[in-house]
Amino acid sequence: MKNEDLINLTKYASKAPSAHNSQPWKFKLEQNSITIFPDYERILPVADQDNRELFISLGCALENLIIAAGYFGYQTEIEMKMEDPFKESIRVKLSSANNKNYNQLFRNIEIRQSTRTKYNKALIPPADIEKLNEAGNQDQVLFLLLTAPVDIEPIIEITKRATVLQLKKEFIKELIKWIRFNRRTAKKTGDGLYSGTFGSPSVPKWLGKLILKLTLDPKREARKNVNLMKNSSGILIFIAKENNKEAWVNLGRSYQRVTLTATSLNIKHSHINPACQVIEARRELAEVLQLNPEEQPHLIIRIGYSAKRPYSFRRPLKEMLIN
């Protein structure tokens, strides 16, 4: 297999979403395989205490890789090793194939984005809901798509309380670390939450940090999240049927496939995840959803319709490769 093909496939994998756009992955390229490793230097110890979202992000990168490989005519075989802490890996073996697949989803890898603006609450056509539900199918994952206000309201209330609980000093400090307050900084670092994706003006870093510290009020943020959810067309909840890293990776695959499908339907999406990140809120959410003890909700995503925002940046691929 040509090295340029391996590099090309890895570029598509690296376009996956991640919490705070932290891009917590490394790739090792071998003759007929690409191995994905977690990058523990890019963890979020406050927002993602047990690294669930890190492994979900690896699942997103894996799904991109599988889709891109199929598009370019390669068959894939996945080998996960998750037993040894800090030595976890996902190896994708590649071999030539005669047919291509996932063509439609492949075209959306580069244009998919987390659109953090307010949506217009338009109804999603039943045929599109069916496509999203079909895309969510994945081993070890339960996918829920809620559109009825009576079903969404309890999720909104839990999110409201969780937002207030989450926005404490240490969380805010970590969040500020990952915000890029102007395009120049965002492009230079190639990671983090670019302020332009929120519709915020570019300002110097020192000014942005000062403004955020003075204005980031938990109750106001809770009201903002309530407003965002109430103006969405639907709420997606991704639930791991088992509490382990492999299930988290599979959840990421499900999430990525759903969001790529949503992109093909011109449906925007964005995380709104305090109810899964705050442990006590996650327990309450599991009770409301009547889940089994081993089932855990890990992602809440709002969907709807709006204009595009500027795209987040990505680091150069060479920074993600290991020998």
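Preceding this section is the structure that the text describes.
Right, let's walk through the structure included here. (Residues numbered from 1 in each chain as written. Predicted model: local features only at pLDDT ≥ 70, side-chain atom pairs only at ≥ 80, totals over all residues. Heavy atoms only, no water.)

Here's the deal with the pairing of strand E8 (residues 234-240)
Summarising burial for E8: seven of the seven residues are buried, a large majority. Side-chain alternation along E8 places Gly 234, Leu 236, Phe 238 and Ala 240 on one buried face and Ile 235, Ile 237 and Ile 239 on a second face that is also buried. Bridge analysis of E8 against strand E10 (residues 296-304) gives seven bridges, and the strand direction is antiparallel. What sits directly across from Gly 234, in E10, is Ile 303. (Buried < 20%, exposed > 50% of the residue type's maximum accessible area, 1.4 Å probe, protein only. Helix = DSSP H or I, 4+ residues; strand = E, 2+ residues; numbered from the N terminus. Pairing = 2+ DSSP bridges.)

Some remarks on the environment of Asp 139
Structurally, Asp 139 is set in the loop between helix H4 (126-135) and strand E5 (141-146). Sequence-wise, Asp 139 and Thr 115 are 24 residues apart; in three dimensions their C-alpha atoms are separated by 27 Å.

Here's the deal with the environment of Thr 159
Among the secondary structure elements, Thr 159 is positioned in helix H5 (residues 149-166). The class for Thr 159 is buried, based on a relative accessible area of 1%. With sequence-adjacent residues up to four places away left out, Thr 159 is seen in contact with Asn 225, Met 229, Ile 272, Pro 274, Ala 275 and Ile 300. At a separation of 2.8 Å, a polar atom in the side chain of Thr 159 contacts the main-chain carbonyl oxygen of Ile 155. (Contact = heavy atoms within 4.5 Å. Polar contact = N/O pair within 3.5 Å; in protein donor to acceptor, adjacent residues only side chain to side chain.)

Quick notes on helix H9 (residues 218-230)
With 13 residues, H9 extends 18 Å between its outermost C-alpha atoms, agreeing within 8% with the 18 Å of an ideal straight helix rising 1.5 Å per residue. Those residues of H9 not exposed but buried are Glu 221, Ala 222, Asn 225, Val 226, Leu 228 and Met 229. For H9, the angular spread of the buried residues around the axis is 165 degrees, confining them to a single face. For H9, the exposed residues set more than 90 degrees away from the buried face come down to Lys 219 and Arg 223. (Expected span 1.5 Å × (residues − 1). Arc of directions from axis to C-beta.)

Considering the sheet that holds strand E1 (residues 25-30)
What the four strands build is an open sheet, ordered E1-E2-E4-E3; its pairing is antiparallel. Since the sheet does not close on itself, it has two edges, and those belong to E1 and strand E3 (74-81), each with one partner. With strand direction ignored, the average angle separating the axes of adjacent strands in the sheet is 20 degrees. Strands E1, strand E2 (33-38), E3 and strand E4 (89-96) of the sheet are contacted by helix H1 (residues 3-13), whose axis makes an angle of about 160 degrees with E1. (Axes fitted to C-alpha atoms, helices over the stretch in contact; angles between N-to-C directions.)

Some details on the state of the cysteines
Under the defined criterion, the tally for this structure stands at zero disulfides. For the unlinked cysteine Cys 60, the closest cysteine sulfur is that of Cys 276, found at 14 Å. Look at Cys 60 and you get buried, because its relative accessible area is 1%. (Disulfide = S-S within 2.5 Å.)

A short note on the pattern of salt bridges
For the structure shown, the criterion picks out eleven salt bridges. Arg 257 is paired through a salt bridge with Glu 63; the nearest N and O atoms lie 3.0 Å apart. With Arg 257 in helix H10 (residues 245-264) and Glu 63 in helix H2 (residues 52-71), this pair connects stretches of sequence that are 194 residues apart. On the accessibility criterion, Glu 63 (0% relative accessible area) is buried. (Salt bridge = Lys/Arg side-chain N within 4 Å of Asp/Glu carboxyl O.)

A few points about the packing of aromatic side chains
How two aromatic rings sit relative to each other is given by the distance of their centres and the angle of their planes. In total, this model carries ten aromatic pairs according to the counting rule given. Note on Phe 55 and Trp 248: the rings are 6.3 Å apart at their centroids and 50 degrees apart in plane angle, and the pair reads as tilted. One end of the pair, Phe 55, is in helix H2; the other, Trp 248, is in helix H10, and 193 residues separate them in sequence. Residue Phe 55 shares its accessibility class with Trp 248, and that shared class is buried. Seen from their ring centres, Tyr 71 and Phe 106 are 3.9 Å apart, and the 10 degrees between their planes marks the pair as stacked. Residue Tyr 71 is located in helix H2, and its partner Phe 106 is located in helix H3 (residues 103-106); the two are separated by 35 residues in the primary sequence. When its relative accessible area of 8% is taken as the criterion, Phe 106 is described as buried. Here a set of aromatic residues connected by ring pairs shows up, and it is made of Tyr 12, Tyr 71, Phe 72 and Phe 106. One residue, Arg 116, lies across the ring of Phe 198, its end atom 5.1 Å from the ring centre. In this arrangement the basic side chain of Arg 302 is found over the ring face of Tyr 119, its NZ or CZ atom lying 4.3 Å from the centre. (Phe/Tyr/Trp six-rings, centres within 6.5 Å; stacked < 30°, edge-to-face > 60°. Lys NZ or Arg CZ within 6 Å of the ring centre and 35° of its normal.)

By themselves, these figures tell us nothing about what the structure is for.
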